[in-house]
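Read off the chains here:
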Amino acid sequence: MLATVFHNRHDVRVEEVPAPQPVGPRDVLLRPFFCGICGTDLHEYAFGPIVIPTEPHALTGANAPQVLGHEFSAEVVDIGSEVTSTKVGDRVSVMPLVTCGQCYYCRRGLNHLCVVMACTGLSWDGGGIAELVVVQEQQVSVLPPEVDNVQGALIEPAAVAAYGVDQTGMGAGDTILITGAGPIGALSALYAQAGGASKVIVSEPNARRRALAEALGGVTVVDPTATDVPAFVRDLTNGVGVDVAAECSGSEPGLNAALASVRSAGTVTQVGLHVKPAAIDPMALSNRDLTLTGTWCYPVYDWPRIIALVASGRYPVERVLTEIIDVHDVVSRGFDRLLDPDGDAQKLLVRVGGDT
C-alpha cells in the first residue's frame, strides 16, 4: 500500500509499504480520508528524529522508518471479534494516543501523561497518511452526519487548542490573548469564541497568518513586530489586561508578551512547543500573582465532546483550513511549504483516500 514514511531528518518519502496484518480482537482497520500535517511532524522533518524512536518503542515496539499521520478521519473497513463501539462503514475520527493503562498517571485518568505513551503516526506500526492503518477500538469515535470528513480530520488539533484554553480557566465574558496564529492559535480563537469570551485578541508577526486570523471574524489582530502588545492589550481592556492568555507560538517573545498582557492573578497556558529554552522574569509571577501552566496534548476521553461541539456549529474548525493537497505532494506542497516562515499556508490536510 502507499504511505508517507519518515526515514530521517529531511527525508520523508511517499512509497509502497506492507499492508497491515489482520486485526486483533480489539482492533479496528481503517481507510483514512484526510490527514493533517502537525507541528510535531514538522519538527521531526526539520530536526528529527525527536519523538519518533530509533530503537523499538517500549510500549509498541515501533521505530523508524515510521508511517506518519496522527490527525485523521477514516472509514472503518474491518473490526476485531470483540469490537462493539463501531462497525464496518462507520466514519470515525482517531484519537492517536496509545497508553499503558497501568502507570501512576493512567490509573488516575491522566493517560496523556502516560510514562510510556505512544502515538499513532509517530511511534506506532502505521499512521494516517497511508491507505490503511490499524488502531485500537478505544482510539476511534464515530462521526455523526453533521460532521464531515474534513472536520473529522481536524478534531485532534481542535482538542489541543481546546485543552489549552480550558486550562486557562477562561469563563464566559472573560478576555483572552492568543499569541501565535498558526493552526492551534486559530483554533484556540474559535474555541474561545465558542466558550463565550467577550474579547479575543490574537498576536501574530506573519502578515499572511494575520490576514487568516482576521478572516475568522470576531477577533482583534495585532502585529507584535510593529506594536507593543501588552500596551495594546491594556488599551483594549481599560488598563487592566486580559483575564487569561494562551501562548501558541512556542516562542520566547510570545511567552513574555502573554505574561505581560494578563491582569494580576491572571493565567497563561503554554500550548505551543518550544524547541529551545526561553527566559522569563520569575519575579513577575510573584509580583502580580500570575499562574503559568503547561499543557500537553489533551484528555484522551475528550473526542466525543469536541465532536459534539463541532456538530453543533459552535466550533467551526474547518475555517482554519487553507488547502487540501494530494498525498504525492506531501513534501513539496506540505512539509517544505509549512516550514517556510514566509509561507502562505496555515493548516493543510492531505487527501489520502480520494474523499471529496
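Since the structure is predicted, the reported quantities are computational estimates derived from the model, not experimental observations.

Basis of the calculations
- Residues numbered from 1 in each chain as written.
- Predicted model: local features only at pLDDT ≥ 70, side-chain atom pairs only at ≥ 80, totals over all residues.
- Heavy atoms only, no water.
- Buried < 20%, exposed > 50% of the residue type's maximum accessible area, 1.4 Å probe, protein only.
- Helix = DSSP H or I, 4+ residues; strand = E, 2+ residues; numbered from the N terminus.
- Pairing = 2+ DSSP bridges.
- Right-handed = clockwise from strand over helix to strand, strands pointing away.
- UniProt positions renumbered as here; feature names shortened; annotations may be inferred.
- Axes fitted to C-alpha atoms, helices over the stretch in contact; angles between N-to-C directions.
- Domains from an automatic or database assignment.
- Contact = heavy atoms within 4.5 Å.
- Buried area = accessible area lost by both parts, 1.4 Å probe.
- Salt bridge = Lys/Arg side-chain N within 4 Å of Asp/Glu carboxyl O.
- Phe/Tyr/Trp six-rings, centres within 6.5 Å; stacked < 30°, edge-to-face > 60°.
- Lys NZ or Arg CZ within 6 Å of the ring centre and 35° of its normal.

K.L.:
What is the right way to look at the pairing of strand 12 (residues 199–203) in this model?
P.N.:
Two faces, one strand: in a regular strand the side chains alternate between the faces of the sheet. Most of strand 12 sits inside the fold, with 4 of its 5 residues counted as buried. As defined by bridge partners, strand 11 (residues 175–179) adjoins strand 12 across 5 bridges and the pair is classed as parallel. Across the sheet, Ile-178 pairs through a bridge with Val-202, a residue of strand 12. For the segment spanning strand 11, helix 4 (residues 183–194) and strand 12, crossover handedness is right-handed. With 3 bridges connecting them, strand 12 and strand 13 (residues 220–222) associate as parallel partners. Bridge assignment links Ile-201 to a residue of strand 13, and that residue is Thr-220.

K.L.:
Before we go on, may I ask you to explain the UniProt feature "domain: Alcohol dehydrogenase-like C-terminal" (unreviewed entry) in the protein in this structure?
P.N.:
With numbering aligned to this structure, UniProt lists the feature "domain: Alcohol dehydrogenase-like C-terminal" (unreviewed entry) at residues 183–311. As annotated, residues 183–311 has a helix share of 43% and a strand share of 21%, and its two end C-alpha atoms lie 20 Å apart.

K.L.:
Any chance you could explain the UniProt feature "domain: Alcohol dehydrogenase-like N-terminal" (unreviewed entry) in the protein here in plain terms?
P.N.:
Here, the residues flagged by UniProt with the feature "domain: Alcohol dehydrogenase-like N-terminal" (unreviewed entry) are residues 24–144. End C-alpha to end C-alpha, residues 24–144 measures 26 Å, and it is 7% helix and 29% strand.

K.L.:
Help me understand the sheet that holds strand 11 in this model?
P.N.:
Spatial strand order, 13-12-11-14-15-16: 6 strands in an open sheet with parallel pairing. Each end of this open sheet is capped by a strand with a single partner; those strands are strand 13 and strand 16 (291–294). Each strand axis lies, on average, 20° off the axis of its neighbour in the sheet, ignoring direction. Pairing of strand 11 with strand 14 (residues 242–247), which is carried by 4 bridges, proceeds in the parallel orientation. Bridge assignment links Thr-179 to a residue of strand 14, and that residue is Glu-247.

K.L.:
It is not clear to me how the domain arrangement of the protein should be interpreted in this structure. Could you clarify?
P.N.:
The extent of an interface is frequently quoted as the accessible surface area lost upon association of the parts. Assigned domains of the protein: these are domain 1 (2–142 + 322–351) and domain 2 (158–294). Listed per partner, the contact involves 11 residues of domain 1 and 11 residues of domain 2. Summing the contributions of domain 1 and of domain 2, the shared interface buries around 860 Å²; its carbon and sulfur component is 54%. Among the residues domain 1 hides against domain 2, the three largest losses belong to His-43, Asp-344 and Gln-346. Together they make up 51% of the total. At the junction of domain 1 and domain 2, the tally comes to 0 salt bridges.

K.L.:
How do you make sense of helix 1 (residues 39–47) when you look at a structure like this?
P.N.:
For an α-helix the count is 3.6 residues per turn, leaving residues at separations of three or four pointing the same way. Every buried residue of helix 1 is listed here: Thr-40, Asp-41, Leu-42, Glu-44, Tyr-45 and Ala-46. Structurally, helix 1 contributes buried residues whose contacts are with strand 1 (2–8), strand 2 (11–16), strand 3 (27–36) and helix 10 (330–339).

K.L.:
Looking at this model, I keep getting lost on the packing of aromatic side chains. Mind explaining?
P.N.:
To describe a pair of aromatic rings, one takes the distance between the centres and the angle between the planes. Throughout the structure, instances matching the rule amount to 4 aromatic pairs. Ring plane angle 50° and centroid distance 5.1 Å describe the contact between Tyr-45 and Phe-335, whose orientation is recorded as tilted. Pair noted here: Tyr-45 is in helix 1 and Phe-335 is in helix 10, with a separation of 290 residues, a long-range link. Residue Tyr-45 is classed as buried on the basis of its relative accessible area, which comes to 5%. Here the aromatic rings of Tyr-298 and Trp-303 are separated by 5.0 Å at their centres, their planes lie at 65°, and the arrangement is edge-to-face. Judged by its relative accessible area of 1%, Tyr-298 is buried. By relative accessible area, which is 1% here, Trp-303 ends up buried. The cationic tip of Arg-108 hangs over the ring face of Tyr-104; the distance from NZ or CZ to the ring centre is 3.7 Å.

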